[in-house]
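Given next are the chains, with one letter for each unit.
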Amino acid sequence: MEDKNSISKVMTYRDSVYFYGNIWNLTITAILLFAPILCCIIYQVWPDWALLGAGLVATAPMYFAVGVVEVFTYIPMLGAGGTYLSFVTGNISNLKLPCALNALEQSGYEASSEEGDVVSTISIAVSSIVTTLIVALGVLLMSVTDLSTLLTNNPVLEPAFAQLIPALFGGLGVVFVSKNWKIAIAPIILMLVLFIAIPGLGGSVGIMVPVSAIFTIITARILYKKGLLG
Amino acid sequence: MEFSANSPILFIIFGVIILAVLGQSVFFLIRALRRSKQLGMDQKKIKKTMISSAIFTIAPAVSILIGLVALSYSLGLPLPWLRLSVIGSLSYETIAANNVLSAIGEAIGSLKFSELTAQQFVTIFFVMTISIMVGIWLVCIVCKKVQGGILKMENKDKKWTDTFVNAMFIGMISAFWGFVFCDFRVIFTGQTYGLVPVLVMIASALTMALCGLAVKKFKKVSWLADYALPISMIVGMIVAVPLTMWLGAPPVVA
C-alpha cells in the first residue's frame, strides 16, 4: 500500500492518466485483435486470405492515414483522459467531442487547464458508459423483440435521425461561433463554398475536419498577430 | 462448432470485451471525479456535467442503434454490437465489410446473415478490427507529447493557446456546417431535399439562441443552460419530420 501511495504522490494527475491510459489502450488493442483469432479457433476456420488481402488493401491505408490525422487533431480538443477513452470507444466527432465541448462551455473551464481536462474526461466517460448501456440494451431487446423493425422504416424516426448531425451542430455551433465570430468567418465561408461546389464531399467530412482546423488556426494566428482579437 | 452469426457464444465473447471497454470508462470516471475533489472544483457543477452529458448522449446513442440494425441484416447482431461499441462508426464498418463482400459480389444489405459463412465472418471481422486500430495505440505514443506541447505553448503565451484550441473547435464546427450544405446544390436542379438539413440546423441554432436569451433574462430558468443542447437537438430532429415530408428525402443510394 505504501508503495502505491508514494507512486501516486510522485506522479501528477496527468502523468497517471498517461500511465493508466497506455495500459488500458494497449490491453484493449490486444483483446480486440485476439477476438477474431478466438473466433477462428472456435469455428476452426482461417480467414479467406485473398479476401482478407483485398479487404485490407482497400480499407486499411485510407483509415490509417485518417487515424493519424485524427489523433493529432483531436488530442488538443479532447484533453488527456478524454483522448484515451475516445479513441477506444469511437464516435468522436459526432458524439464524444460535442459532448465534451458542451460540458466545457457549461462549466466555464478552459480546455487546456487541468480542470478542463477533468471536466472533459468526466463528460466523455459518462457519454461512453451511457452509449454502451443503450446499445447493449437495444441489442438485448432486438434479440427478443421486434425492436429492429420498429426502429427502421419508421416514418417519424427515420427522417428525425437522418438529421441528427445538422440538429447537433446547429445548437452547438451557434454558441461557439457567436463567441469566436472573428476567427469563425473565414473557415465557415471556405467550408460552405467547398461543400456546395464539390459533389460527393459530404462523404469526406471526417477528412475536412483537420483541413478546416488547420485553416482556422492559420487565419486565427494572422488575426492574433495583427492584434485584431481583442 | 456450427457457425451462426447470431450464435450465443459470440454474444458472450463480445459481451466480455464490451465489459472491459466499459471498465476503462468507469476507471477514468472515478479517477477524474476524485481529482475534481482534490482540485476543489464545485461538485454541483460536476454533477450537472454528468447529468447533462448523459442526457445529451441519448439521441446519438439511439442513432448508433439504428445503424446497428442496418449492419445486422448481413452480419447478425453480435459483431455490429461489438464494432459499434468500440472505435469506428457505421460508415466505417459498412465500408470495411463491403470491401470484403464486394470481392464475392455481395454487399451489406444484399447478403443475409444466415447465408454468411464462418470464413467470410472472420475475414470481415479481421478487416474491421485491423484497419481502424491505428488511433488506439498511436494515442499511447503521442498523447503525452502533444499535450506537453500545448502546455509549453500555454506557459509561453496563454492567450494564444486558448485561441489555438478555440480555432480547432471552430474548424471542426465549420466543417460540419459545410457538411450540412452538401446537398444544397440540388436546388439548382429544382429539387428541394437539400434544404432539409440546412433548415434543421437553423431551427436547432435558433432554439439554442432562445435558450441562451431566456437564461440571461430570467434567473428562474437557469437550469435550462444545462439542457439547452439536447433540447435544441431534439427540436431540430422533430422539425426534420414535417420538413422531410414537405421538401422530400434524398434519393436512396444503393
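Predicted, not measured: the structure shown is a model, and the values here were computed from it.

Definitions and limits used
Residues numbered from 1 in each chain as written. Chains lettered and ligands numbered in written order. Predicted model: local features only at pLDDT ≥ 70, side-chain atom pairs only at ≥ 80, totals over all residues. Heavy atoms only, no water. Helix = DSSP H or I, 4+ residues; strand = E, 2+ residues; numbered from the N terminus. Buried < 20%, exposed > 50% of the residue type's maximum accessible area, 1.4 Å probe, protein only. Contact = heavy atoms within 4.5 Å. Buried area = accessible area lost by both parts, 1.4 Å probe. Salt bridge = Lys/Arg side-chain N within 4 Å of Asp/Glu carboxyl O.

This part covers the overall build of chain A. Summing up its helical and strand segments, chain A has 10 helices and 0 strands in all. Ordered by position from N to C terminus, the α and β elements of chain A give α-α-α-α-α-α-α-α-α-α. Based on the C-alpha atoms only, the size of chain A along its principal axes is roughly 65 × 60 × 40 Å. Counting all 230 residues of chain A, 54% fall into the buried class. Residue pairs at least 24 apart in sequence account for 58% of intrachain contacts in chain A once pairs closer than 6 positions are excluded.

Every contact between the two is made by 148 residues of chain A and, on the other side, 137 residues of chain B. Buried area between chain A and chain B, summed over both chains or domains, comes out near 13,300 Å², and the portion from carbon and sulfur atoms is 79%. Together, L32, Y43 and Y63 of chain A form the three largest contributors to the area buried by chain A at its contact with chain B, with a combined 6%. One can count 2 salt bridges joining chain A with chain B.

Turning next to the pattern of salt bridges. Side chains that differ in sign of charge can pair as their charged atoms come close. Inspection of the entire model under this criterion finds 8 salt bridges over all chains. Residues K179 of chain A and E105 of chain A are paired through a salt bridge, measuring 2.4 Å at the closest nitrogen-oxygen approach. Taken as a pair, K179 of chain A in helix α8 (residues 164-179) and E105 of chain A in helix α4 (residues 92-107) lie far apart in primary sequence, 74 residues in all. With relative accessibility at 55%, the residue K179 of chain A sits in the exposed group. We classify E105 of chain A as partly exposed; its relative accessible area is 23%. One salt bridge connects R35 of chain B with E114 of chain A, and the closest N-O pair in it is separated by 2.6 Å. Linking R35 of chain B in helix α1 (residues 8-38) with E114 of chain A in helix α5 (residues 114-144), this pair reaches from one chain into another. Given the relative accessible area of 22%, E114 of chain A is considered partly exposed. Within this structure, E154, K158 and D162 of chain B form a network of salt bridges that share partners.

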